[in-house]
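# Chains, contacts and geometry: an overview
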Amino acid sequence: MGSKALQKYLTENLEDLRSKGLYNEIDTIKGSNGPVIEINGKRLINLSSNNYLGLATNPRLIEAGIKATEKYGVGAGAVRTINGTLDIHDELEAKLAKFKHSEAVIVFQSGFNCNMGAISAVMTKKDAILSDALNHASIIDGCRLSGAKIIRFEHSDMEDLRAKAKEAKESGLYEKIMVITDGVFSMDGDIALMPEIVKIAEEFDLITYVDDAHASGVLGGDGSGSATHHNLIGKIDFQIGTLSKAIGVVGGYVAGSKDLIDWLKVRARPFLFSTSITPAAAAACIEAINILTESDELVKKVWENGNYLKKGLKDLGFDIGHSETPITPCIIGDADKAQEFSRELRKEGVYAKSIVFPTVPLGTARVRNMPTAAHTKEMLDQALAAYATVGRRLGIIK
Ligand SMILES: *Cc1c(COP(=O)(O)O)cnc(C)c1O
């Protein structure tokens, strides 16, 4: 009955995690992942999704998905490079290129796949990558896959980046050097210092790579991301976006020069060896970009809600870190206490996940809140009331 060595490995490691209370039990939502969710029969204000603009349940996207399914079927039928490129995939890429003010775009099945494919398509073991210490797991894995030398710089520390870029450049050891960063850091909600990064890149001829997973649909006024926000259009080589968070569907993309995208279309392995996003997903994403292009209402709303929640938590006396975006951490410190806080919030009707070491540094365990454009003021007030109750009960606020 299967490999004994495998069973031993699984039993030992699962027991280890469970005995330390580190085994993550997955909560299943009944129905959609909207501003209010139902888990185990309980209605909860949802502050844990990345569905920033509420687009996952937007009627226009749903309608577009249904129509595309009727027209094209449920699957694309092949990888993009064989014959899985449908006209709506091309249409989505053209629309995204325009939205991102870039020459071209390539769509992948996920943001994770963008980082798996794009980094190793251009970086090799003859190269070096300067990587922010708080970069997302998919960036770290993508860098490793490339075989390039990975040089970590302290989070958003421009002196450290500059020193390490200078050292790498002057060593003469590398053919190419890349600097890679999240556009918005998901655990603290802070924004990468892109103008300084681009300046350092220009000085040392670095390739610039920004992963806008949490900036897509959030930064730039119209949701077009970091380049627009920082006034750096045309100055960033790789702009990664996700279609799975604020855009509300699934998928990811790389925006860049026509030559870069032409190259990724023949070298990025997830594009070449994994089937393209479904017709319904492509059509829904197109509709999402239409909505963002027509009006900034949703982007304004997620910021307004983020600011409202932040002010409310701060007024209650909580430490909300140094977030600059709607992502609102509530720093508790101790890991057990943060986990208890999250459980107690749930009893009070609020779903907000605790995040502990090693995802965040020791002593900075937190409950992370992701308000969206779909939350009403009443929902946020309910959440704040729960925070007040639990905060006092656990002695975190007065
Ligand atoms: C979430 C995230 C991804 C993965 O995006 P998916 O489309 O969900 O695969 C990649 N990079 C960063 C920085 C992220 O936060």
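Residues numbered from 1 in each chain as written. Predicted model: local features only at pLDDT ≥ 70, side-chain atom pairs only at ≥ 80, totals over all residues. Heavy atoms only, no water.

### A short note on the UniProt feature "domain: Aminotransferase class I/classII large" (unreviewed entry) in the protein
- As recorded in UniProt, the feature "domain: Aminotransferase class I/classII large" (unreviewed entry) lies at residues 43–385.
- Structurally, residues 43–385 is divided into 44% helix and 16% strand, and its ends, taken at the C-alpha atoms, are 16 Å apart. (UniProt positions renumbered as here; feature names shortened; annotations may be inferred. Helix = DSSP H or I, 4+ residues; strand = E, 2+ residues; numbered from the N terminus.)

### Notes on the layout of surface pockets
- Taken as a whole, the largest pocket encloses approximately 800 Å³ of empty space.
- Lining the largest pocket are 22 residues, with N24, E25, Q339, K353 and S354 sitting closest to its centre.
- Those elements that provide at least two residues to the lining of the largest pocket are α13 (335–347), β12 (350–351) and β13 (354–355).
- No other element matches the five residues that α13 contributes to the lining of the largest pocket.
- For the lining of the largest pocket, a count of residues per class yields 10 nonpolar, six polar and six charged.
- By volume, the second largest pocket is sized at about 560 Å³. (1 Å grid on protein atoms, 1.4 Å probe; cavity = no way out; pocket = protein on both sides within 12 Å on 5 of 7 lines; lining within 4 Å. Points joined across faces, edges and corners; volume = space filled by probe spheres on them. Nonpolar A, V, L, I, M, F, W, Y, C, P; charged D, E, K, R; others polar.)

### A closer look at the pairing of strand β9 (residues 238–242)
- Counting buried residues in β9 gives five out of five residues, a clear majority hidden from the surface.
- Neither face of β9 is open: one carries F238, I240 and T242, the other Q239 and G241, and all of them are buried.
- Alignment of strand β8 (residues 207–211) against β9, held across three bridges, turns out to be parallel. When the bridges of β9 are listed, V210 appears paired with Q239.
- Both β9 and strand β10 (residues 252–256) contribute to a ladder of four bridges, which runs antiparallel. Within β10, the position partnered with I240 by the bridge is V254. (Buried < 20%, exposed > 50% of the residue type's maximum accessible area, 1.4 Å probe, protein only. Pairing = 2+ DSSP bridges.)

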